[in-house]
Amino acid sequence: MGSMLTFILVGSAGVTDSALTNHGMLQVEKLAGYLSQQGVRFTRVFCSPLQRARATADALKSTHGDTMGKPFVVPCLREKDYGSLEGKSWVSPNVNVKEKRDSFTPAETFDELSSRAKEFVKDFLLPLLRDGSDNHTVAVVSHGVILSVIWRTLKQMRVPPCSSSSSHGIPGDPLVMWSNTGYLELDLSMAMATDQNQTALSNLEISVLAINSRQHLTNLKRTRGIGNSKHDPKQQKLGSFFHRRQ
């Protein structure tokens, strides 16, 4: 068995540094508690610099204490930059007009996203996989578009042929779609090279254990009104106003 890798999606698309909503924070807390109850102990957590990802990484750390260490903030894990279309509706009638303006900034291209994904894998994941001294349990807390590109990058590195399904009956080459705080769970290991021409970037063994797992969200319902409000970490929960009688 190699290193366990868990991809966790948080927040909305784009590089706008929006905070978690109250409902989003509840989802994060449910996730952290669920993983802790399942006995998951992360040895390393990498997260996007956007605050919604950092809040999620901090919640994971709060359930591990000092055993996990401080989350690593990795700039290349930020979400796709949509340029001048950031925050705009895809069906906006003014999109074509904006494209013709000199001030229009194009969205980040797939090649640019792919370059960031390869940078993260090369600089952060591969060193852990090549470390034969210990197995690692790693969480990558980021956003839907860049996580999908990282997953694509890992699939391109795997050892052929790939089995058609995992032990969980999950297709071996799935199209991953994440829900908020949904996670993809992988078992990664470096295979022994059988071909002298085989590069270090093409000998990855991957087992898919879970796709968009949301078991931690069972029975969690959105509170009307305040659920969509920006989460204020200083706000006390209702239970804190009630004290047991001595």
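Just so we're clear, the structure is a prediction, and the values are computed from it rather than from any experiment.

A.B. asks: Where do I start with the packing of helix α4 (residues 110–129) against helix α5 (residues 144–157) in this structure?
C.D. replies: To characterise two packed helices, one gives the angle between the axes of the helices and the distance between these axes. The interhelical angle for the contact between α4 and α5, taken along N-to-C directions, is 65°, at an axis separation of 9 Å. For the element pair α4 / α5, the angle class is roughly perpendicular. Helix-helix and strand crossings are classified by hand; for α4 and α5 the assignment is right-handed. Contact residues: F110, L113, S114, R116, A117, K118, F120, V121, L125 and L126 in α4; V145, I146, V149, I150, R152, T153, L154 and M157 in α5. Residue classes in the contact of α4 with α5 are distributed as 13 nonpolar, two polar and three charged.

A.B. asks: What am I meant to see in α5 here?
C.D. replies: Side chains three or four residues apart in an α-helix point the same way, a direct result of the helix having 3.6 residues per turn. Taking 1.5 Å of rise per residue, 14 residues should cover 20 Å, and α5 covers 20 Å from first to last C-alpha, within 8% of that figure. Of the positions making up α5, those classed as buried are I146, L147, V149, I150, W151, T153, L154, K155 and M157. Buried residues along α5 sit against β1 (3–9), α4, β4 (137–142), β5 (183–190) and β6 (204–213).

A.B. asks: What is the right way to read the confidence of the model for the protein from this model?
C.D. replies: Any residue range with low pLDDT should be treated as having predicted coordinates unsuitable for detailed reading. Chain-level statistics for the protein give a pLDDT mean of 78 and a share of 70% at 70 or above. Considering only residues more than four positions removed or in separate chains, one finds that residues 161–172, a stretch of pLDDT under 50, has 15 contacts. Contacts from residues 238–242, a stretch scored under 50 in pLDDT, to residues over four places away or in other chains number one contact.

A.B. asks: Would you mind showing me how to read the nonpolar core here?
C.D. replies: One broad trend across soluble globular proteins is that nonpolar side chains are buried collectively. Of all hydrophobic cores here, the largest spans 32 residues; its most connected members are L5, F7, F120, I150, L154 and L186. Elements supplying a minimum of two residues to this core: β1, α4, β4, α5, β5 and β6. Sorting elements by how many residues they give to this core places α4 first, with eight residues. Apart from residues no more than four positions distant in its own chain, I150 is found in contact with F7, L77, A117, F120 and V121.

What counts, and where the lines are drawn
- Residues numbered from 1 in each chain as written.
- Predicted model: local features only at pLDDT ≥ 70, side-chain atom pairs only at ≥ 80, totals over all residues.
- Heavy atoms only, no water.
- Axes fitted to C-alpha atoms, helices over the stretch in contact; angles between N-to-C directions.
- Helix = DSSP H or I, 4+ residues; strand = E, 2+ residues; numbered from the N terminus.
- Parallel < 35°, antiparallel > 145°, perpendicular 65-115°, else oblique.
- Left-handed = near helix turned anticlockwise from the far one by under 90°.
- Contact = heavy atoms within 4.5 Å.
- Nonpolar A, V, L, I, M, F, W, Y, C, P; charged D, E, K, R; others polar.
- Expected span 1.5 Å × (residues − 1).
- Buried < 20%, exposed > 50% of the residue type's maximum accessible area, 1.4 Å probe, protein only.
- pLDDT = per-residue confidence, 0-100.
- Core = buried A, V, L, I, M, F, W, Y, C linked by side-chain atoms within 4.5 Å.

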